[in-house]
Amino acid sequence: MLLPCALVAALLAAGHAANPCCSNPCQNRGVCMTTGFDQYECDCTRTGYYGENCTTPEFFTWLRLTLKPSPNTVHYILTHFEAAWSIINNIPFLRDAIMRYVLMSRSHLIDSPPTYNSDYSYKSWEAYSNLSYYTRSLPPVGLDCPTPMGVKGKKELPDSKLIVEKFLLRKKFIPDPQGTNVMFTFFAQHFTHQFFKTDHKKGPGFTKALGHGVDLNHIYGETLERQLKLRLLKDGKLKYQEVFGLVPGLMMYATIWLREHNRVCDILKQEHPEWDDEQLFQTSRLILIGETIKIVIEDYVQHLSGYHFKLKFDPELLFSQRFQYQNRIAAEFNTLYHWHPLLPDTFQIHDQEYTFQQFLYNNSIMLEHGLSHMVKSFSKQSAGRVAGGKNFPAAVQKVAKASIDQSRQMRYQSLNEYRKRFMLKPFKSFEELTGEKEMAAELEELYGDIDAMELYPGLLVEKPRPGAIFGETMVEIGAPFSLKGLMGNAICSPEYWKPSTFGGKVGFEIINTASLQKLICNNVKGCPFTAFHILNPEPTEATINVSTSKTAMEDINPTLLLKERSAEL
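Because the structure is predicted, anything quoted here is derived from the model rather than measured. (Residues numbered from 1 in each chain as written. Predicted model: local features only at pLDDT ≥ 70, side-chain atom pairs only at ≥ 80, totals over all residues. Heavy atoms only, no water.)

1. What about the pattern of salt bridges?
Part 1: Summed over all chains, the structure comprises 24 salt bridges.
Part 2: Ionic pairing is found between K312 and D96, a salt bridge with its closest N-O pair at 2.7 Å. Here K312, found in the loop between helix 12 (277-305) and helix 13 (331-336), pairs with D96, found in helix 5 (residues 92-107); they are 216 residues apart in sequence, far enough to count as distant.
Part 3: In this structure, D277 and R231 form a salt bridge, with 2.7 Å as the shortest nitrogen-oxygen distance. Residue D277 is located in helix 12, and its partner R231 is located in the loop between helix 10 (224-230) and helix 11 (248-271); the two are separated by 46 residues in the primary sequence.
Part 4: For D277, a relative accessible area of 17% puts it in the buried group.
Part 5: Within this structure, R29, D111 and R421 form a network of salt bridges that share partners. (Salt bridge = Lys/Arg side-chain N within 4 Å of Asp/Glu carboxyl O. Helix = DSSP H or I, 4+ residues; strand = E, 2+ residues; numbered from the N terminus. Buried < 20%, exposed > 50% of the residue type's maximum accessible area, 1.4 Å probe, protein only.)

Below you can see the structure in the form of structure tokens.
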């Protein structure tokens, strides 16, 4: 971080004051604009606030804030009173109204169209139109600011390796109290690799993904050329092949989704014998995108939330609302999603245990055990708690250091600035952040000021919500990105969300009845029981109706694999 300090020194020597916007004077999403070298103006347009620094609420803003409960209060209500929620879940108009509120109260926090990127701290056509950039929720800290976090904290940030070793590195595995399992861990990794694709040759502010959302390019290929190599070019299907993969857990999901695509192709061909290969392929892809979004909302996010309220995937809930069906992946979303504390120290499959070194690049494990044993085993094994610190596996500690270093390269603003951006109260002390005294004192010594605490390590050392996998900040920042990215998909728009888009009622029904368990039952021999959390006692077998199409009921030959793209670090 010497470069910014050197630039500041040069500016001061030339008689210029530091950028007045470095102190982030404009509150409540007001935009700071310099007027000369030492003056600024706050643009409070449509923030609901006015005044020199956008700090005085308008009447309706004041009323809303007075009546609105805190995020932690809302979380408490949604994770308690199970009997009341079970009644609400069975009253359709109440469930729909609450789900609509959940979506709209979060999605409006994401700028659409995008506003900033790592090279532009102000709105520009380049930041809007250049899809090779990740977008940014907050502009980067100015190069002419006195400290790496603006004006607060020390002139140099603490050594990133020290931060990892002192606060993040696992001493002893801490299981997630919500009961998250390894089946969830690999789903999270496989799912996010379609849109977290940092272009490390250009820099951490750039992405290689052509799409900025759920397009399943990790199944169908990033480019048309790659897609054509993966396709069978007959009946809409994908090829079966044994090729390279990063880890067996990702290959497991790649194989399952490949089988699901070909299963859907069989169903569509039966319904539409007049369709050619291209229409079968393209329509099956749309159906799988729909299945993915439904599983992510109703299984994946449902588990993470811990809510007794039953989340619902229903695009029609937003048709009467102001909602833009587009999305750009934010660099901050990519950074916060580095949930490597989920990983256990070893991987248990059937009656064997594998270390990281044995697991990495070793897809012979799938050949040995097969999909059914992998699903059963990963469903039973506990994943780690993400928040609270000191639970990052030693085997991937380089990823933690790289996340901090890249965040600094992109000049992220402080944890507290991101909390304010997402309508959270800033932490007043390190002790409030961590919920204890020892780690708080050490962090204060290194950073000097709570307003200088970095985003990524801050997310990992934050005290977890009671009995939860994450702290407040991870959830309240991550959820808006997630829900906007899912519901902003083209298939959720009024123009697409109709049976004809998906080959008629049969294809539409595949989406509307999708679940993790059904995905497994339709594509893994024996329909092994699964979920994203450990259940005890475990049911002896899954009890759902499954398709009887030929590909669904075939024995799973573990040599039939699909290429998994290399991991996002």
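2. As for the nonpolar core
Part 1: Membership of the largest hydrophobic core comes to 131 residues, with the highest contact counts inside it found for Y300 and W339.
Part 2: Top element by residues in this core is helix 12. It accounts for 12 residues.
Part 3: Ignoring anything within four residues of it in the chain, the contact list for Y300 reads F184, F187, A188, I295, Y337, W339 and F532.
Part 4: By size, the runner-up hydrophobic cluster in this structure holds five residues, among which are C42, C44, Y49 and C54. (Core = buried A, V, L, I, M, F, W, Y, C linked by side-chain atoms within 4.5 Å. Contact = heavy atoms within 4.5 Å.)

3. With respect to the state of the cysteines
Part 1: As enumerated under the stated definition, the model contains five disulfides in all.
Part 2: Across the disulfide from C22 sits C145; the S-S distance is 1.9 Å. As the torsion about the S-S bond is roughly -90 degrees, the C22-C145 disulfide counts as left-handed. Taken as a pair, C22 in the loop between helix 1 (2-13) and strand 1 (31-34) and C145 in the loop between helix 6 (125-129) and helix 7 (160-168) lie far apart in primary sequence, 123 residues in all. Per residue, the accessibility class of C22 equals that of C145, and both read buried.
Part 3: Note on cysteine connectivity: C521 is disulfide-linked to C527, with sulfurs 1.7 Å apart. Because the sign of the S-S torsion sets the handedness, a value of about 50 degrees for the bond joining C521 and C527 places this disulfide among the right-handed ones. Here C521 matches C527 in class, with each residue buried. (Disulfide = S-S within 2.5 Å.)

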